[in-house]
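Understanding the architecture of this molecule
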There are 2 protein chains.
Amino acid sequence: MTRIITINREFGSGGRELGKRLADALGIPCYDHEIIQMIARENGFDERYVANVSERSIEAAYPLTIGHRFAMPSMPVMDQPIRVAVAQRQIVENFAKQGDCVIVGRCADVILKEYHPLNIFVYADLDSKVARCQARAPEGENLTRRELERRIRQVERGRRQFREMYTESKWGRKESYDLCVNTSGLEIKALIPALVAYADCWFGQA
Amino acid sequence: MTRIITINREFGSGGRELGKRLADALGIPCYDHEIIQMIARENGFDERYVANVSERSIEAAYPLTIGHRFAMPSMPVMDQPIRVAVAQRQIVENFAKQGDCVIVGRCADVILKEYHPLNIFVYADLDSKVARCQARAPEGENLTRRELERRIRQVERGRRQFREMYTESKWGRKESYDLCVNTSGLEIKALIPALVAYADCWFGQA
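Along each chain, residue indices are assigned from 1 in the same order as the chain's sequence is written. The lettering of chains begins at A and the numbering of ligands begins at 1, in the order of writing. The predicted nature of this model means local features are confined to residues of pLDDT at least 70 and side-chain atom pairs, given and counted, to a pLDDT of 80 or more, with totals for whole chains, interfaces and linings taken over all residues. Based on all heavy atoms of the structure, the side-chain values leave hydrogens and waters out of the count.

Take the overall build of chain A next. A helix here means a DSSP run of H or I that spans at least four residues, while a strand means a run of E at least two residues long, and both kinds are numbered starting from the N terminus. Looking only at helices and strands, one finds eight helices and five strands in chain A. Along chain A, helices (α) and strands (β) appear in the sequence β-α-β-α-α-α-β-α-β-α-α-β-α when read from the amino end. Each residue's exposure class comes from its accessible area (1.4 Å probe, protein chains only) as a fraction of the maximum for that residue type: buried when under 20%, exposed when over 50%, partly exposed otherwise. Sorting the 206 residues of chain A into buried and exposed places 51% on the buried side. In what follows, a contact means two residues having at least one pair of non-hydrogen atoms within 4.5 Å. A sequence separation of at least 24 residues applies to 71% of the contacts in chain A between residues at least 6 apart. For chain A, the computed accessible surface area is about 10000 Å², with 47% contributed by carbon and sulfur atoms. Shrake-Rupley sampling with a 1.4 Å probe provides the accessible areas, and residues are treated as covered by the protein chains on show and by no other component.

Pasting the structure below:
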């Protein structure tokens, strides 16, 4: 059985770091930004545009069910987001076919449902998310707390809307996941042995 | 530092079993039905009545903030539920003072906030909860699926209402807990090593 772990996360919760460290500890690849890079490269898009389709500008989004549930007349203005969505699905499926892996974001838990992945949601309280955003801010970026809070809300709203166009399951609701991990005030690194143990137990009987 | 783990759970999710097994694995006591028995014994109540105050009949409930935030004139009709609440708080606090333990239900996560407990929420999908209720039903109890679903909804509504009279945090919302564990289709026993590891990591840095 292929052991696939998907990570969904609140912005600033450390979910990306958790995915990477968990994959390293398990000795399997972690796919995160690589997916955006591949979509961009294969379709001639700018990476920022691809990231935005799923996180920032819901206005630029599209019916992801297209091609699955109903036919749709050609709509040039929607072509690009649809191409992103189709490419994302193909790339995520190809990664899964290659074997065990951790995939961060990209609705991988929904795309790969038939693989029965272990779906983890990572979250934290607002103070912890702001602190993490500040700690990892690129040099020269000095956003105020209020600006960071606005960015966190904006990205999470984007992720929620993107997911809910894609699937009937709700972003961030525990029912959509197998394990929800609150990282408030915690160091991600210290949680990894426990999450490795969780994955072992979970795949041992799933 | 006292290591206290609190378990809140959906009805039929296996949360009680999880708490008991986790406590056994950690070599610490688990308090569950003992709390109801002590409240009943010390106040001359029937155990079923005590259980109902927190799980079934919200109409019989009371302002749990009484004595903390505002004074209230004597209201004989409300005396008994208040005595249950006060006794519950005292008993839960006494258990915590005695040392490391697992406490199932009883709003222990809120009562013991100052002890910084590891707060776990256990949940499952409806099919799994119905199946668990059927498997553990007392001999002679042959409820239909519809009756079991109604009981699950009723108990969970009671727990939600009880908690929300007691605290500002929401029952079952992941933000109220440190870890949320979905037991759908899983054997509780097999998850215990992972949860022991989680507790070790968590208390190691909390």
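There's more to say after this.
Here the focus is the interface of chain B and chain A. Taken together, the contact between chain B and chain A spans 24 residues of the former and 24 residues of the latter. Buried area adds together the accessible area that both of two parts lose upon being put together, with accessible area traced by a 1.4 Å probe. Counting each side, the surface lost to burial between chain B and chain A is near 2100 Å², with a carbon and sulfur contribution of 59%. Summed over the three residues of chain B that lose the most area to chain A, namely Lys174, Tyr198 and Gln205 of chain B, the buried surface amounts to 29% of that side. In the sections that follow, a salt bridge refers to a side-chain nitrogen of Lys or Arg positioned within 4 Å of a carboxyl oxygen of Asp or Glu. Here chain B is connected to chain A by two salt bridges. The salt bridge partner of Glu10 of chain A is Lys174 of chain B, with a shortest N-O separation of 3.9 Å. Think of a polar contact as two N or O atoms within 3.5 Å of one another; within protein, one of them needs to be a possible hydrogen donor and the other a possible acceptor, and neighboring residues in sequence only count if both atoms come from side chains. The interface formed by chain B and chain A includes eleven residue pairs in polar contact (both at pLDDT 80 or more). Elements represented by at least two residues in the side of chain B that touches chain A include exactly strand E4 (118-123), strand E5 (179-182) and helix H8 (188-205) of chain B. The greatest single-element share of the side of chain B that touches chain A, amounting to ten residues, is contributed by H8 of chain B. Tallied by class, residues from the side of chain B that touches chain A come to 16 nonpolar, three polar and five charged. Only strands that DSSP links by at least two bridges are regarded as paired with each other. Relative to E5 of chain B, strand E5 (residues 179-182) of chain A runs antiparallel, the two being bridged by three bridges. Each residue gets one of three labels, nonpolar for Ala, Val, Leu, Ile, Met, Phe, Trp, Tyr, Cys and Pro, charged for Asp, Glu, Lys and Arg, and polar for the others, Gly among them.

Residue and element names in this part refer to chain B. Burial along E5 is two-sided: Leu179 and Val181 and Cys180 and Asn182, pointing in opposite directions, are all buried. When E4 meets E5, the two strands line up parallel, connected through four bridges. From the neighbouring strand, Ile120 faces E5, where its bridge partner is Leu179.

This paragraph deals with the packing of helix H1 (residues 15-26) of chain A against helix H8 (residues 188-205) of chain A. Residue and element names in this part refer to chain A. Orientation is described by lines fitted to C-alpha atoms, with helices fitted over the stretch in contact, and by angles between N-to-C directions that extend from 0 to 180 degrees. At a minimum axis separation of 9 Å, H1 and H8 run at an interaxial angle of 50°. Taken together, the axis directions place H1 and H8 in an arrangement best described as oblique. For the crossing formed where H1 meets H8, the hand is right-handed. Across the interface between the two elements, Glu17, Leu18, Arg21, Leu22, Ala25 and Leu26 of H1 pack against Ile188, Lys189, Ile192, Leu195 and Val196 of H8. An angle counts as roughly parallel when it lies under 35 degrees, as roughly antiparallel when it exceeds 145, as roughly perpendicular when it falls between 65 and 115, and as oblique in every other case. By definition, any crossing whose near helix is turned counterclockwise from its far helix by less than a right angle is left-handed, and any crossing with a clockwise turn is right-handed.

As a further point, take the layout of surface pockets. Detection works on a 1 Å grid of protein atoms alone, calling trapped sets that fit a 1.4 Å probe cavities and calling open sets with protein on both sides within 12 Å along at least five of seven lines pockets, with lining residues defined by an atom within 4 Å of a point. Grid points are joined across faces, edges and corners, and a volume is the space filled by probe spheres set on the points. For the second largest pocket, the calculated volume is near 750 Å³. Residue lining of the second largest pocket: 27 residues in total, with Lys113, Asn119, Glu175, Ser176 and Asp178 of chain A positioned closest to the centre. Sorting the residues of the lining of the second largest pocket by element identifies helix H5 (108-111) and H8 of chain A together with helix H6 (126-135) of chain B as the ones contributing at least two each. Taken together, the residues of the lining of the second largest pocket sort by class into nine nonpolar, nine polar and nine charged.

Both copies of the chain are related by a screw-like operation: a rotation about an axis and a shift along it. With an RMSD of 0.0 Å, chain B superimposes on chain A once it is rotated by 180° and translated 0.0 Å along the axis. Such values leave the two copies arranged in the relation of a two-fold axis. Ranked by how close their C-alpha atoms come to the rotation axis, the residues of chain B are headed by Cys180 of chain B, at 2.5 Å. Residue by residue, 100% of the interface of chain B is reproduced at the interface of chain A, so both copies engage with the same surface. Copy-to-copy alignment: least squares on C-alpha atoms, limited to residues at pLDDT 70 or above in both.

Now for unusual backbone geometry. Residue and element names in this part refer to chain B. One non-glycine residue with positive phi stands out, namely Arg106, at about 60°. With respect to the helices, strands and loops of the structure, Arg106 is situated in the loop between strand E3 (101-104) and helix H5 (108-111). Located in the positive-phi region is Cys107, a residue other than glycine, with phi close to 55°. The residue Cys107 is located in the loop between E3 and H5 in this model. According to the relative accessible area criterion, Cys107 is buried, its value standing at 5%.

Right, let's talk about the sheet that holds E5 of chain A for a bit. Pairing is mixed in the open sheet, where ten strands are placed in the order E2(A)-E3(A)-E1(A)-E4(A)-E5(A)-E5(B)-E4(B)-E1(B)-E3(B)-E2(B). Looking at strand neighbours, the two that pair on one side only are strand E2 (30-31) of chain A together with strand E2 (30-31) of chain B, the edges of this open sheet. For strand E1 (residues 4-9) of chain A and strand E4 (residues 118-123) of chain A, the ladder comprises five bridges, and the chain directions are parallel. Among the inter-strand pairings, Arg9 of chain A is bridged to a residue of E4 of chain A, identified as Val122 of chain A. Its contacts with the sheet place H1 of chain A against E1, E2, strand E3 (101-104) and E4 of chain A, and it is angled at close to 165° to E1 of chain A. Seen against the sheet, H8 of chain B touches E5 of chain A together with strand E1 (4-9), E4 and E5 of chain B and runs at an angle of roughly 175° to E5 of chain B.

As enumerated under the stated definition, the model contains 30 salt bridges over all chains in all. A salt bridge links Glu10 of chain B to Lys129 of chain B; its shortest N-O distance comes to 2.8 Å. Residue Glu10 of chain B is located in the loop between E1 and helix H1 (15-26), and its partner Lys129 of chain B is located in helix H6; the two are separated by 119 residues in the primary sequence. Note on Glu10 of chain B: relative accessible area 7%, which makes it buried. A salt bridge links Arg173 of chain B to Glu175 of chain B, with the nearest nitrogen and oxygen atoms 3.7 Å apart. When its relative accessible area of 47% is taken as the criterion, Arg173 of chain B is described as partly exposed. Taken together, the shared-partner salt bridges connect Glu10, Lys129 and Glu156 of chain A together with Arg173, Lys174 and Glu175 of chain B into one network.

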